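Commentary on secondary and tertiary structure
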Amino acid sequence: MLDVQLFRHEPQRVRDGLASVGADPVLVDTVLELDQRRRAALQGLETARAERTRCSKEIGGLPAEQRKAAGASVRALGEEIAKLEVTADEAERRLRDVMLEIPNLPHPTVPVGPDDSANVVLREEGQRPALGFEPKPHWEIGAALGIIDFERGVKVSGSRFYVLFGAGARLQRALISFMLDLHTREHGYVEVYPPAMVKEHCLYGTGNLPKFADNLYRDAEEDYFWVPTAEVPVTNLYRDEILENAALPIRHVAYSPCFRREKMSAGRDVRGIKRGHQFDKVELVKFVRPEDSDRELEGLLADAEDVCRRLELPWRIVQMCTGDLSFVASIKFDIEVWAPGCGEWLEVSSCSNFRDFQARRAQIRFRRDREHRPELVHTLNGSGLALPRVLIALLENHQQADGSVRVPAALRPYVGADVIGPPA
RNA sequence: GGAGAGAUGGCCGAGUGGUCGAAGGCGCGCGCCUGCUAAGCGUGUAUACGGGUAACACUGUAUCGAGGGUUCGAAUCCCUCUCUCUCCGCCA
């Protein structure tokens with residue numbers, strides 16, 4: 001959520017920003033009008049309440065037998081207040097509803113563009129493998145090795161589900177452990193194991209609601225949502241808190257399963273394990289002082305890239321243009337790994353700086369010192385990394401002519417083998 | 001799932017209809033004193049949204065788990081919900 005003050009003081013800047021991310025600049029005028037209405041309603045209400053308080057105190061000082069009569073004369077005021085409350089609440093709610101649907105403003109350094117065609121590939125890192133044979137897609141490799149079973153996944157849970165067997169399951173578990181260890185031991189993150197189900201308000205905090213309900217699984221009866229990413233529970237860890245200045249920055253790494261309905265991408269990426277309803281992910285989440293957030297984003301990106309490097313995967317960094325930013329991000333860099341088998345770049349992480357957008361929704365603040373009022377923190381996050389796609393890249397980049405898959409050195413202690421071969 | 005107890009400021013803990021944003025203690029900030037490793041004295045110490053200011057100051061309203069009700073007036077009375085704790089049942 002954006003700061004209403006920004007609308008009041010720099011409306012043109014907000015209009016320009018909204019236009020650049022494809023939102024309607026007229027929203028600024030809507031907000032300004034609703035804000036005006038809200039303030040007017042509030043002033044009327046507060047005046048009336050102040051008057052009532054004065055009267056009530058007077059009555060309190062009266063002898064008991066006079067109170068009843070005096071009270072009756074104030075009754076009308078109470079009824080008026082009730083009406084003004086309804087008006088003020090209504091104004092407040094309408095403003096809030098609009099504000100909740102307004103996207104974040106882009107960081108000034110974000111390249112301007114209408115859609116993903118204007119995204120910028122900043123650099124390419126790592127070596128593409130010189131395989132010397134026609135690379136197979138992971139669904140062939142996985143099936144041949146007996147480590148990915150698509151048919152049984154469908155049998156048990158329907159389309160977009162698969163089952164990992166044997167070395168495949170172990171490989172995934174190894175990746176999770178490897179990533180958690182790397183980020184906790186070498187990058188300074190504190191590990192968190194969060195709930196995979198959250199209450200509705202958490203999703204408002206991170207910005208998944210109200211706009212993106214159709215990508216979420218929910219249990220309406222119990223008001224539970226399955227998390228689409230660990231970002232949701234981890235960001236909400238500090239909701240409604242005022243953190244100590246010394247506690248910042250907070251850097252968390254969390255492994256969690258993620259659940260997405262994928263309604264919007266029906267029919268897309270149905271082959272393989274690239275896009276399922278359930279997948280695993282190791283997520284990095286930061287809570288930082290505003291002045292540190294630009295630098296912290298660089299660090300976040302570097303920490304996520306380090307996973308690619310150690311897994312000996314070729315990757316590239318793509319900066320999202322204004323038109324391709326997510327609803328909540330003010331700046332975003334994707335990490336894409338090359339998958340030679342299916343011949344595409346796979347998004348394995350989106351590293352974003354949300355600035356105070358989520359913090360305002362979730363009311364995550366910190367106190368710089370006693371003299372200052374609490375300030376909103378900046379939140380950032382990015383995957384470090386998303387498991388199934390790393391698995392794809394691993395199988396496809398490290399496949400060998402005989403059908404086996406080489407395990408990169410960094411992963412060997414976790415897998416307990418140098419090579420994943422066909423079933424005996 | 002059944003029965004009971006509870007939810008007050010950073011923490012502990014008073015407060016059962018009025019002058020209570022809320023005693024007292026702890027913690028913490030600032031000042032003084034003292035001078036020795038600790039204490040004493042004074043003073044201050046929630047948040048949000050309005051008004052106000054160049055910015056402070058100042059000022060209004062709200063907030064005692066959440067929502068609703070009674071009342072001129074609710075931390076205090078009534079209802080609903082949430083959460084926590086104890087016991088029973090069930091269970092990985």
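Predicted, not measured: the structure shown is a model, and the values here were computed from it.

1. Focus on the overall build of chain A
Helix and strand content of chain A: 13 helices and 18 strands. Along the first, second and third principal axes, the C-alpha atoms of chain A reach 100 × 45 × 45 Å. When the 424 residues of chain A are sorted by exposure, 49% land in the buried category. Here the analysis covers contacts within chain A between residues at least 6 apart in sequence; of these, 74% occur between residues at least 24 apart. For chain A, the computed accessible surface area is about 20,400 Å², with 49% contributed by carbon and sulfur atoms. Within chain A, one finds 57 positive and 65 negative side-chain charges whose respective centroids are separated by 3 Å.

2. Concerning the side chain of Ser 20
Relative to the helices and strands, Ser 20 is located in helix H2 (residues 11–20). Look at Ser 20 and you get buried, because its relative accessible area is 18%. Within polar-contact distance, the side chain of Ser 20 engages the backbone oxygen of Gly 17 at 2.8 Å.

3. Focus on the protein's contact with RNA strand B
Around RNA strand B, the surrounding shell holds 22 residues, and the nearest of these are Arg 8, Arg 38, Glu 46, Arg 75 and Arg 367. Taking all atoms of RNA strand B within 4 Å of the protein, the share assigned to sugar and phosphate is 73%. Residue Arg 367 places a side-chain N or O atom 2.6 Å away from a phosphate oxygen belonging to RNA strand B. If you list the elements that add at least two residues to the surface near RNA strand B, you get helix H3 (27–61), helix H4 (64–100) and strand S14 (364–367). Counting residues per element, the surface near RNA strand B draws most heavily on H3, at 11 residues. Looking at the surface near RNA strand B residue by residue, the class counts come to six nonpolar, four polar and 12 charged.

4. Some thoughts on the nonpolar core
Soluble globular proteins tend to bury their nonpolar side chains together. Ranked by size, the top nonpolar core spans 82 residues in total, and within it Met 99, Leu 175, Met 179, Leu 311, Ile 335 and Leu 411 carry the most contacts. Sorting elements by how many residues they give to this core places helix H7 (residues 166–186) first, with nine residues. Both domains that meet at this core, namely domain 1 (4–100) and domain 2 (116–420), each give it at least three residues. Dropping the residues within four chain positions of it, Ile 335 is found in contact with Leu 301, Ala 304, Glu 305, Cys 308, Trp 315, Arg 316, Ile 317, Leu 346, Glu 347, Val 348, Ser 349 and Cys 351. Counting 16 residues, the second-largest nonpolar core is a separate cluster that includes Val 234, Tyr 238, Ile 250 and Ala 254.

5. A look at the domain arrangement of chain A
One can read the domain layout of chain A as domain 1 (4–100) and domain 2 (116–420). Relative to domain 2, the C-alpha centre of domain 1 lies at a distance of 42 Å.

6. Digging into the packing of H3 against H4
Orientation of H3 relative to H4, taken along the N-to-C sense of each, is 160 degrees, at an axis distance of 8 Å. Viewed along their axes, H3 and H4 adopt a mutual orientation that is roughly antiparallel. Seen along the crossing, H3 lies across H4 with a hand that is left-handed. Broken down by class, the residue content of the contact of H3 with H4 amounts to 19 nonpolar, five polar and 10 charged.

7. With respect to the packing of aromatic side chains
Across all of its chains, the model carries five aromatic pairs by this definition. Consider the rings of Tyr 238 and Phe 287, whose centres lie 4.9 Å apart with planes at 85 degrees: the pair is edge-to-face. With Tyr 238 in the loop between helix H9 (231–235) and strand S8 (241–244) and Phe 287 in strand S10 (residues 278–288), this pair connects stretches of sequence that are 49 residues apart. Classification of Tyr 238 by relative accessible area gives buried; the value is 17%. Consider the rings of Phe 327 and Phe 357, whose centres lie 5.8 Å apart with planes at 80 degrees: the pair is edge-to-face.

8. A look at the sheet that holds strand S7 (residues 224–226)
Pairing is antiparallel across the open sheet formed by three strands, whose spatial order is S5-S7-S6. Each having just a single partner strand, strand S5 (197–198) and strand S6 (218–219) make up the two edges of the open sheet. Where S5 lies against S7, two bridges are found, and the strand directions are antiparallel. By the bridge assignment for S7, Val 198 is matched with Phe 225.

9. Description of the pattern of salt bridges
Counted by the stated rule, this structure contains 37 salt bridges. One salt bridge in this structure joins Glu 312 and Arg 406, with 3.0 Å as the shortest N-O distance. In this pair, Glu 312 is assigned in the loop between helix H10 (293–310) and strand S11 (315–319) and Arg 406 in strand S17 (residues 405–406), connecting sequence segments 94 residues apart. Taking the relative accessible area as the measure of exposure, Glu 312 reaches 34% and is therefore partly exposed. Residue class for Arg 406 comes out partly exposed when judged on its relative accessible area of 27%. A salt bridge links Arg 368 to Glu 375; the shortest N-O distance between them is 2.6 Å. By relative accessible area, which is 27% here, Arg 368 ends up partly exposed. Each member of the salt-bridge network shares a partner with another, and the members are Arg 8, Asp 35, Arg 38, Arg 39 and Glu 92.

10. Considerations on H3
An ideal rise of 1.5 Å per residue puts 51 Å on 35 residues; H3 measures up with 51 Å between its terminal C-alpha atoms. Within the span of H3, buried status applies to Val 28, Val 31, Leu 34, Asp 35, Arg 38, Ala 41, Leu 45, Ala 48, Cys 55 and Ile 59. Elements that come into contact with the buried residues of H3 comprise helix H1 (4–9), H2 and H4.

Criteria and cut-off values
- Residues numbered from 1 in each chain as written.
- Chains lettered and ligands numbered in written order.
- Predicted model: local features only at pLDDT ≥ 70, side-chain atom pairs only at ≥ 80, totals over all residues.
- Heavy atoms only, no water.
- Helix = DSSP H or I, 4+ residues; strand = E, 2+ residues; numbered from the N terminus.
- Buried < 20%, exposed > 50% of the residue type's maximum accessible area, 1.4 Å probe, protein only.
- Contact = heavy atoms within 4.5 Å.
- Areas by Shrake-Rupley, 256 points an atom, 1.4 Å probe, with all protein chains shown as cover.
- Lys, Arg positive; Asp, Glu negative; His and termini not counted.
- Charge placed at Lys NZ, Arg CZ, Asp CG, Glu CD.
- Polar contact = N/O pair within 3.5 Å; in protein donor to acceptor, adjacent residues only side chain to side chain.
- Near = heavy atom within 4 Å.
- Nonpolar A, V, L, I, M, F, W, Y, C, P; charged D, E, K, R; others polar.
- Core = buried A, V, L, I, M, F, W, Y, C linked by side-chain atoms within 4.5 Å.
- Domains from an automatic or database assignment.
- Axes fitted to C-alpha atoms, helices over the stretch in contact; angles between N-to-C directions.
- Parallel < 35°, antiparallel > 145°, perpendicular 65-115°, else oblique.
- Left-handed = near helix turned anticlockwise from the far one by under 90°.
- Phe/Tyr/Trp six-rings, centres within 6.5 Å; stacked < 30°, edge-to-face > 60°.
- Pairing = 2+ DSSP bridges.
- Salt bridge = Lys/Arg side-chain N within 4 Å of Asp/Glu carboxyl O.
- Expected span 1.5 Å × (residues − 1).

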